[in-house]
Structure formats: C-alpha cells, structure tokens
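The residues making up each chain are set out below.
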Amino acid sequence: MSQLIYFCGSMRGGRQDAALYARLIKKLEAYGTVHNLSDRIGDTTLTVEILEVREYGREKMIHDKDVRMLEECNVVVAEVTQPSMGVGYEIGRASAMKKNILCLFRPDSGKSLSAMIRGADNGDQIVVKDYQETDIDDIFKDFFAKDEL
C-alpha cells in the first residue's frame, strides 16, 4: 500500500541542506507520495531571504495548509540537522496526532540535536537516527518495513 509521507526540513531556519533534502525526497518516493513543499524544500535557489519576501503575509495560510497535510499523512520523515523551529513544531504536532515519525540527524555536522527531539525517541512512534547519507537506504528500508500500514 502506498503511503502519504510528510517530509520536514528547514526552510526559514537555514537552507544549507536543500540539495540533501532533494535527494532524500527522491529516495522517499520509493515508499509513497511525498507530501509538503517537496518541490520547494529541495530547491537550492530558494534562500531564506527569498522565502521571507514570498511568504510575507501568508504565514496563516502556510501554517493551516501544512497542518492539514500533517493530518492527511501516514508517516513523517524529518531531517533535523539544521535547527528549525518550524520542523520542531511539525514534529510536535505530528506526535500529538500519533503519527509515526522518523527524525534524521547527521552528527558529523558539528551541530547538537535538541534534547527534546533526541529524548522523544521511544523506538516505536518516534525514531531518531544518526546517519550519514550513505546509510539512508537501509534506514528507510527498516523504518518503512516496521511501519507497513
């Protein structure tokens, strides 16, 4: 059964990982339809400054649309290496909705993962994986095998 996958990645919090997001989204498409800005999250031409200009005054619409997509999805995959308040908010909302969530963190980035994300890992509904990009195929395979709906 094809799943609806909500992908989270930093937009206004920093665009350093946009190309990585595009590669992750492409791999996720093997497991279902990727929901949420998949054409924008991986767009390396969109800077924080461009996003702020384009989205000014549209915050309520963006919020409501993203929450609606969270409600519709089967699972959430969040790349959490680049700190983002929005991604943390989406993870919190998805958790409250009892969605299965995979958080991906690259420890070699030199950044520290929030204790609120790492501490939420319960090995079931919320799974946090430290990874290198070369590990992602196995991580997705294991996560989606566990999560067959």
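Reference entry: report on the structure contained in this document. Everything numeric in this text was worked out from a predicted model, so none of it was measured.

Brief notes about the pairing of strand E1 (residues 3–8)
Strand residues, when the strand is regular, have side chains that alternate between the two faces of the sheet.
Here is step 1 of the chain: Among the six residues of E1, six are classified as buried, and the element is accordingly described as predominantly covered.
Here is step 2 of the chain: Every second residue of E1 is oriented toward a common face, with Gln-3, Ile-5 and Phe-7 on one face and Leu-4, Tyr-6 and Cys-8 on the other, all of them buried.
Here is step 3 of the chain: Relative to strand E3 (residues 75–79), E1 runs parallel, the two sharing four bridges. For Phe-7, the partnering residue across the bridge sits in E3 and is Val-77.

Overview of the packing of aromatic side chains
Here is step 1 of the chain: Following the criterion strictly, the structure yields five aromatic pairs and no others.
Here is step 2 of the chain: With a centroid separation of 6.3 Å and 80 degrees between ring planes, the pair formed by Tyr-31 and Phe-140 is classed as edge-to-face. Within this pair, whereas Tyr-31 is found in the loop between helix H1 (18–28) and strand E2 (32–35), its partner Phe-140 is found in helix H7 (residues 136–146), the two being separated by 109 residues in sequence.
Here is step 3 of the chain: Accessibility expressed as a relative area gives 27% for Tyr-31, which makes it partly exposed.
Here is step 4 of the chain: Among the residues examined, Phe-140 registers a relative accessible area of 1% and is labelled buried.
Here is step 5 of the chain: Residues Phe-140 and Phe-144 carry aromatic rings whose centres are separated by 6.3 Å and whose planes lie at 75 degrees to one another, so their mutual orientation is edge-to-face. Taken together, the positions of Phe-140 and Phe-144, both in helix H7 and four residues apart, correspond to about one turn of that helix.
Here is step 6 of the chain: Of the residues examined, Phe-144 reaches a relative accessible area of 4% and is grouped as buried.

About the thresholds
Residues numbered from 1 in each chain as written. Predicted model: local features only at pLDDT ≥ 70, side-chain atom pairs only at ≥ 80, totals over all residues. Heavy atoms only, no water. Buried < 20%, exposed > 50% of the residue type's maximum accessible area, 1.4 Å probe, protein only. Helix = DSSP H or I, 4+ residues; strand = E, 2+ residues; numbered from the N terminus. Pairing = 2+ DSSP bridges. Phe/Tyr/Trp six-rings, centres within 6.5 Å; stacked < 30°, edge-to-face > 60°.

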